[in-house]
Amino acid sequence: QVQLVESGGGLVQPGGSLRLSCAASGSIFRINGMGWYRQAPGKQRELVATILTGGTTDYADSVKGRFTISRDNRKNTVYLQMNSLKPEDTAIYYCKAELMRYYWDPEGSYWGQGTQVTVSS
């Protein structure tokens, strides 16, 4: 089995910062892409940022210049540094990994349970 566990969410004032972490564990042969998504109340889940094994990154326009995604391949962990937070960043943030459990396994998508980020004064 594979588990993705997020941490680092919380309440922060506008303009503040938070750092999210997501660690993947279990039967993992190789992790390809990792990313962060978010879902605000009443809205669809949306992509925030992604990062490939080689370090190539992609960001939603709404977070460019404020958020930074990174990963530690040795620890199977992905991070999201969030700066200059705005109230509209309030959402549940989910981690996603595209991985193979065994060398013969097709790549599959795995999600974490989510962590709440609230930006409010």
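Worth saying up front: this structure is predicted, and the values here are computed from it rather than measured. (Residues numbered from 1 in each chain as written. Predicted model: local features only at pLDDT ≥ 70, side-chain atom pairs only at ≥ 80, totals over all residues. Heavy atoms only, no water.)

**Concerning the packing of aromatic side chains**
Part 1: Under the defined criterion, the tally for this structure stands at four aromatic pairs.
Part 2: Relative to Y103, the ring of F29 lies with its centre 6.5 Å away and its plane at 65°, an arrangement referred to as edge-to-face. Residue F29 is located in the loop between β3 (18–26) and β4 (30–39), and its partner Y103 is located in the loop between β9 (91–100) and β10 (108–111); the two are separated by 74 residues in the primary sequence.
Part 3: Given a relative accessible area of 60%, Y103 falls into the exposed group.
Part 4: Between Y102 and W104, the ring centres sit 4.9 Å apart and the planes meet at 5°, which makes this aromatic pair stacked.
Part 5: Counting every residue linked through ring pairs, the aromatic cluster contains F29, Y102, Y103 and W104.
Part 6: Directly above the ring of Y94 sits R45, whose terminal nitrogen or CZ lies 3.7 Å from the centroid.
Part 7: Stacked on the ring of W111, the Lys or Arg R45 has its end atom at 4.7 Å from the ring centre. (Phe/Tyr/Trp six-rings, centres within 6.5 Å; stacked < 30°, edge-to-face > 60°. Helix = DSSP H or I, 4+ residues; strand = E, 2+ residues; numbered from the N terminus. Buried < 20%, exposed > 50% of the residue type's maximum accessible area, 1.4 Å probe, protein only. Lys NZ or Arg CZ within 6 Å of the ring centre and 35° of its normal.)

**Some points on the pairing of strand β11 (residues 115–119)**
Part 1: Only one face of β11 is covered, namely the one carrying T115, V117 and V119; the face carrying Q116 and T118 has none of its residues buried.
Part 2: Pairing of strand β2 (residues 10–12) with β11, which is carried by three bridges, proceeds in the parallel orientation. Bridge pairing in β11 links L11 to T118.
Part 3: Pairing between β9 and β11: three bridges, direction antiparallel. The residue bridging I92 from the neighbouring strand is Q116, located in β11. (Pairing = 2+ DSSP bridges.)

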